[in-house]
Structure formats: structure tokens, C-alpha cells
Amino acid sequence: MSEPGIDPAAIPSDALQSGVPDTTFSLFAAFRVSSSHPVVLDGRDVPGIVRELEDVSREIDDEGVVIRGWYDVSGVRSDADVLVWLQGVAPEDLQWSLRQLRRAAIVQPLIRTWSALGIVVDATGSDEAPKQWLSVSAVSERPGLAGAPGAVAIQSAAACGIGDADWIVTYEADELAWIVDHLRDAGGSGARGGTIAGRLIDPAEMVEVLQ
């Protein structure tokens, strides 16, 4: 019996024959600045803070988990300032990686306001480098990929039985307007559990975003 919400056609045939599909999980976590514990740094703190986050990122990468990106989501929603996107083959590795990131000095004072986990079942452009803008939606129905513009990479992750929504869908593009245009022409995202969008940033930019 196939797992509810996951299309067997999206799983490679050799994986089906072996009974152990080659899976990829995505985990998203959004954080906001705490008014009671703000991130306050002076110029002497910044190099060490950034280096620590880069070191933790390398440690996570050594364990087979990819940080696809950190995103500046400030001003998009009132309850979030940064978003991180993790990918890996085991959900427990993603959970461990998120805990490691939360122990980093720049992330520790932040309050996690939203997170989602799903298993990737189909994607366009998933092998490409992260694009400059990301939109993540928690939806009730799996979106179609047919006719998706090449400028917008789409990834669907099944979250049935994991969270509040059945699907976690990401849209990546080098211009935010391209994502907006695509979703407008497609009739919207069908978001049930919320949508968040942000700009790709590096660890050094985290300091400016969070202060």
C-alpha cells in the first residue's frame, strides 16, 4: 500500500523495487526577534558570531544535512524575521541540525514561530543553486508542475500526518515578482497553514537583519 498523499509515480522505479525509496526531507523554521531578549552586538562580537554560525553549518553539512538557505523574511509577516531551510535524507538528522543551529549565539535569543517538515516528492530545478527569493506555503492540495515557468523552481513536499497541512510547497526565483506573477496566473497558492517569503542571505547578513 502506498503512503497516503504520496504519488508512487514520483518515486524512482528502482527504489520501489527495493522497498526503500531514496527520500529527501525538507524542514523549514522561522524565527523572530524577542523584545525581551534582543540581539545586541557590537563590532567586536560580529566576526566571532558569524564564524560560529559558519562552523555549525559545516558541522551539519558533514552529517549529510544541507542548509539550502537562510532568508530575510522581515516585514513579510509580523511574527518572523529569518527563515532557514534544511534538507536531508533522515528527519531525525534535520531535527538534530535545527537544535545545533538554535544553540548558536545569534540564533539562541530568537523565538521560533513556525516550522514544517515534509518529504519531497516532486520538484523542478531542485538541482540548481538556491535562487534569490523563496516563498513557502503550507497547502491542502498538491500543486501541479505542468506549465511552470523555467524562472520559477517549484518543490512539493508531502506532510500528511506530520503537520497542520498536507503539503509544503516552495517557489524559488531570482525576482520576487516572478513568484507573485506565477501564483497569480495559477490562481493563488491555496495556502491553508500560511505563507512566508524571503530573500536569500548569508550568515554575515544575519547580523544586520536581526538588529
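Everything discussed here concerns the structure shown above.
An account of the accompanying structure is given in this report. (Residues numbered from 1 in each chain as written. Predicted model: local features only at pLDDT ≥ 70, side-chain atom pairs only at ≥ 80, totals over all residues. Heavy atoms only, no water.)

1. Some points on the overall build of the protein chain
For clarity, the cut-off: The secondary structure listing takes helices from DSSP runs of H or I that are at least 4 residues long and strands from runs of E that are at least 2 residues long, numbered from the N terminus. In this scheme, a residue with accessible area under 20% of its type's maximum is buried, one over 50% is exposed, and one in between is partly exposed, where area comes from a 1.4 Å probe on protein chains only. For every accessible area listed, the method is Shrake-Rupley and the probe measures 1.4 Å; residues are considered covered only by the protein chains on display.
Broken down by element type, the protein chain carries five helices and eight strands. Secondary structure elements of the protein chain, listed N to C terminal, follow the sequence α-β-α-β-β-α-β-β-β-β-α-β-α. Within the protein chain, buried positions represent 41% of all 211 residues. With an accessible surface of roughly 10500 Å², the protein chain has 49% of that area assigned to carbon and sulfur atoms.

2. Let's talk about the pattern of salt bridges
The condition is simple: When a carboxyl oxygen of Asp or Glu lies within 4 Å of a side-chain nitrogen of Lys or Arg, that pair is called a salt bridge.
Summed over all chains, the structure comprises nine salt bridges. Linking Asp55 and Arg58 is a salt bridge whose minimum nitrogen-to-oxygen distance equals 2.3 Å. With a gap of three residues between them, Asp55 and Arg58 both fall in helix H2 (residues 46–62), about one helical turn apart. Asp55 sits in the partly exposed class, given a relative accessible area of 38%. What makes Arg58 partly exposed here is its relative accessible area of 48%. Linking Arg68 and Glu172 is a salt bridge whose minimum nitrogen-to-oxygen distance equals 3.0 Å. Separated by 104 residues along the polypeptide, Arg68 in strand E2 (residues 66–72) and Glu172 in strand E7 (residues 167–173) bring together distant segments of the chain.

3. Side note on the nonpolar core
Rule in force here: Definition used in this section: a nonpolar core is a set of buried Ala, Val, Leu, Ile, Met, Phe, Trp, Tyr and Cys residues joined via side-chain atoms within 4.5 Å. Contacts were defined at the residue level, with two residues in contact if any of their heavy atoms lie within 4.5 Å.
The biggest cluster of nonpolar side chains holds 40 residues, and the ones touching the most others in it are Val107 and Met206. A per-element tally of this core places H2 first, with five residues. Contact partners of Val107, with chain neighbours within four places excluded, come to Phe31, Leu53, Trp70, Leu101, Arg102 and Met206.

4. Examining the packing of H2 against helix H5 (residues 203–210)
For any two helices packed against each other, one specifies the crossing angle of their axes together with the interaxial distance. Operational definition: Angles run from 0 to 180 degrees between N-to-C directions of axes, and those axes are lines fitted to C-alpha atoms, restricted for helices to the stretch in contact. By definition in this entry, angles of less than 35 degrees are roughly parallel, angles greater than 145 are roughly antiparallel, angles of 65 to 115 are roughly perpendicular, and the rest are oblique. What makes a crossing left-handed is the near helix being turned counterclockwise from the far one by less than a right angle; a clockwise turn instead makes it right-handed. The classification used treats Ala, Val, Leu, Ile, Met, Phe, Trp, Tyr, Cys and Pro as nonpolar, Asp, Glu, Lys and Arg as charged, and all other residues, Gly among them, as polar.
One way to put it is that H2 packs onto H5 with a least axis distance of 8 Å and a crossing angle of 125°. Relative to H5, the element H2 lies oblique. Note on packing geometry: the crossing formed by H2 with H5 is right-handed. Contacts from Val46, Val50, Leu53 and Glu54 in H2 reach Pro203, Ala204, Met206 and Val207 in H5. Split into classes, the residues belonging to the contact of H2 with H5 amount to seven nonpolar, no polar and one charged.

5. Section: the packing of aromatic side chains
Our working definition: Working definition: a ring pair exists when centres of Phe, Tyr or Trp rings (six-membered ring for Trp) sit within 6.5 Å. Plane angles under 30 degrees give stacked, over 60 give edge-to-face, the rest tilted. Only when the NZ of Lys or the CZ of Arg is both within 6 Å of the ring centre and within 35 degrees of the ring normal is a charge said to sit over the ring.
Within the structure shown, the criterion is met by one aromatic pair. Over the ring of Trp85 we find Arg68; its NZ or CZ atom is 5.3 Å from the centre of that ring.

6. A word on the environment of Pro109
Relative to the assigned elements, Pro109 resides in the loop between helix H3 (91–103) and strand E4 (111–123). According to the relative accessible area criterion, Pro109 is partly exposed, its value standing at 24%. Expressed as a C-alpha distance, the spacing of Pro109 and Ser35, which sit 74 residues apart in the sequence, is 9.7 Å. When near neighbours in sequence (up to four residues on either side) are disregarded, Pro109 contacts Ser34, His37 and Val39.

7. What about the packing of H2 against H3?
It is the contact of H2 with H3, at a shortest axis distance of 10 Å, that shows an interaxial angle of 165°. When the axes of H2 and H3 are compared, the pair comes out roughly antiparallel. Judged by the sense of rotation from one axis to the other, the crossing of H2 with H3 is right-handed. Packed against H2, whose contacting residues are Glu52, Leu53, Val56, Glu59 and Ile60, the element H3 presents Trp96, Ser97, Gln100, Leu101 and Arg103 at the interface.

8. Concerning the pairing of strand E5 (residues 133–139)
Counted only if it meets this: The rule for pairing is simple: two strands pair if DSSP sees at least two bridges between them.
Counted residue by residue, E5 has six buried out of seven residues, so it is predominantly covered. Here E5 runs beside E7; their pairing, made up of seven bridges, is antiparallel. In the strand pairing of E7, Leu134 is matched with Glu172.

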